[in-house]
Amino acid sequence: MTLLRFAIQKSGRLTEPSRALIAECGIEFEPSGAKLRSLADNFPFELLFLRDDDIPGYVAEGIVDAAIVGRNVVAERDVAVQVTRPLGFGRCRLSIAVPRSMEYSGIRSLMGARISTSYPRILRNFLERNRVTAEINELSGSVEIAPGLGLADVICDLVSSGSTLMSNGLREVETILESEAVLISTPAIPEEKRIILDKLVFRVDAAQRAKRTKYITLNTPNEAIPEIVKLLPGLKSPSILPLASLGWSSLHTVVGEDDFWNLIDRLRSAGAQGILVLPIEKVIV
Ligand code: PRT
Ligand code: ZN
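Read on for an overview of the structure. (Residues numbered from 1 in each chain as written. Chains lettered and ligands numbered in written order. Predicted model: local features only at pLDDT ≥ 70, side-chain atom pairs only at ≥ 80, totals over all residues. Heavy atoms only, no water.)

## Regarding the layout of surface pockets
Empty space left among the atoms is revealed by rolling a probe the size of a water molecule over them. Estimated volume of the largest pocket: approximately 1,100 Å³. Around the largest pocket, the lining is made up of 36 residues, and of these R13, D52, N72, Y119 and L158 lie nearest the centre. Taken together, the elements giving at least two residues each to the lining of the largest pocket come down to α3 (71-77), β9 (154-159) and α6 (163-167). (1 Å grid on protein atoms, 1.4 Å probe; cavity = no way out; pocket = protein on both sides within 12 Å on 5 of 7 lines; lining within 4 Å. Points joined across faces, edges and corners; volume = space filled by probe spheres on them. Helix = DSSP H or I, 4+ residues; strand = E, 2+ residues; numbered from the N terminus.)

What follows is the structure, encoded as structure tokens:
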């Protein structure tokens with residue numbers, strides 16, 4: 001039987017959200033211990049657990065068919081993989097940070113600096129694009145302590161909340177790359193595997209859409225319906241049912257979560273009452 005061989009990070013920041021996404025896609029495994037690979041019970045799917053840095057190479061060579069990894073790792077490895085979907089978790093940025101006391105007046109200030117990073121390729125490209133010559137010092141971790149140790153003047157590292165930079169007396173000055181977890185696949189995927197991958201991507205899309213949307217029901221006086229309907233772009237248009245109390249209706253629809261509270265305020269001002277907001281498990285369009 002053809003299986004889709006899929007990799008996720010073995011242990012790290014992307015492990016749990018990657019597992020959660022696979023579970024949301026309805027793919028189940030026998031409960032297992034600390035195995036390095038698992039076979040799914042209900043989908044032609046084999047899951048491998050790898051160091052994130054190794055994932056793009058395996059996918060490019062077709063040893064693994066598809067995987068979840070940070071866009072930052074894909075960019076640094078610079079191998080031929082297809083980025084099939086952004087996944088919305090593991091968000092961070094690769095940035096240049098300087099000691100708080102350093103004067104910084106733009107990229108030119110990096111001329112001749114010693115820059116520590118775990119992302120030498122991305123950094124080198126960035127410096128070349130900006131015609132800055134600097135010395136790149138590659139470190140595999142704990143980059144943020146390099147300036148304090150006198151190892152570097154400046155660093156280029158991943159940032160999410162910024163608290164690591166702050167507690168090391170550093171200040172973010174340039175963002176080189178915006179990153180998040182992405183679903184990648186091997187460019188020359190065999191047809192039988194492509195069919196399984198397409199099914200997986202279809203499920204990922206449904207799960208992702210569900211996260212962005214809510215099911216909303218509310219009661220409204222009939223005369224307010226036109227205004228409320230204008231505020232609610234549903235999948236098609238809202239369902240409206242008469243309530244037992246004369247002159248009132250109940251309205252049901254699906255809304256995107258962006259700017260959600262603003263929408264609720266506007267619905268209330270338009271006359272909506274008894275607003276219920278429910279999570280959606282999947283959205284199939
Ligand atoms: O063992 P393996 O090689 O698989 O794991 P790893 O140690 O290389 O990776 P891991 O688990 O640390 O991160 C996996 C992926 O998570 C990264 O490749 C990014 O795509 C993503 N990610 C998201 C992050 C962060 N946010 C992040 N904040 N990866 C690392 N960090 C680190 C950063 O390097 C810095 O040390 O967190 C610190 C900064 O965090 P803030 O919140 O203080 O700014
Ligand atoms: Zn790594």
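## Some remarks on the pattern of salt bridges
Within the structure shown, the criterion is met by 13 salt bridges. Residues E281 and K282 are paired through a salt bridge, measuring 3.7 Å at the closest nitrogen-oxygen approach. When salt bridges that share partners are traced, they join R5, R37 and E46 into one network. (Salt bridge = Lys/Arg side-chain N within 4 Å of Asp/Glu carboxyl O.)

## Let's talk about the coordination of the zinc ion (ligand 2)
Protein coordination of the zinc ion (ligand 2) is provided by D52 (OD) and D53 (OD), with donor distances spanning 2.1 Å. For the zinc ion (ligand 2), the four donor atoms in the first shell make angles of 73 to 175° at the metal, so the coordination geometry reads as irregular. The buried category is assigned to D52, whose relative accessible area is 17%. Judged by its relative accessible area of 24%, D53 is partly exposed. (Donors = N, O, S within 2.8 Å, 3.2 Å for Na, K, Ca; no water. Tetrahedral: all angles 85-135°; square planar, octahedral: opposite > 155°, others 65-115°. Buried < 20%, exposed > 50% of the residue type's maximum accessible area, 1.4 Å probe, protein only.)

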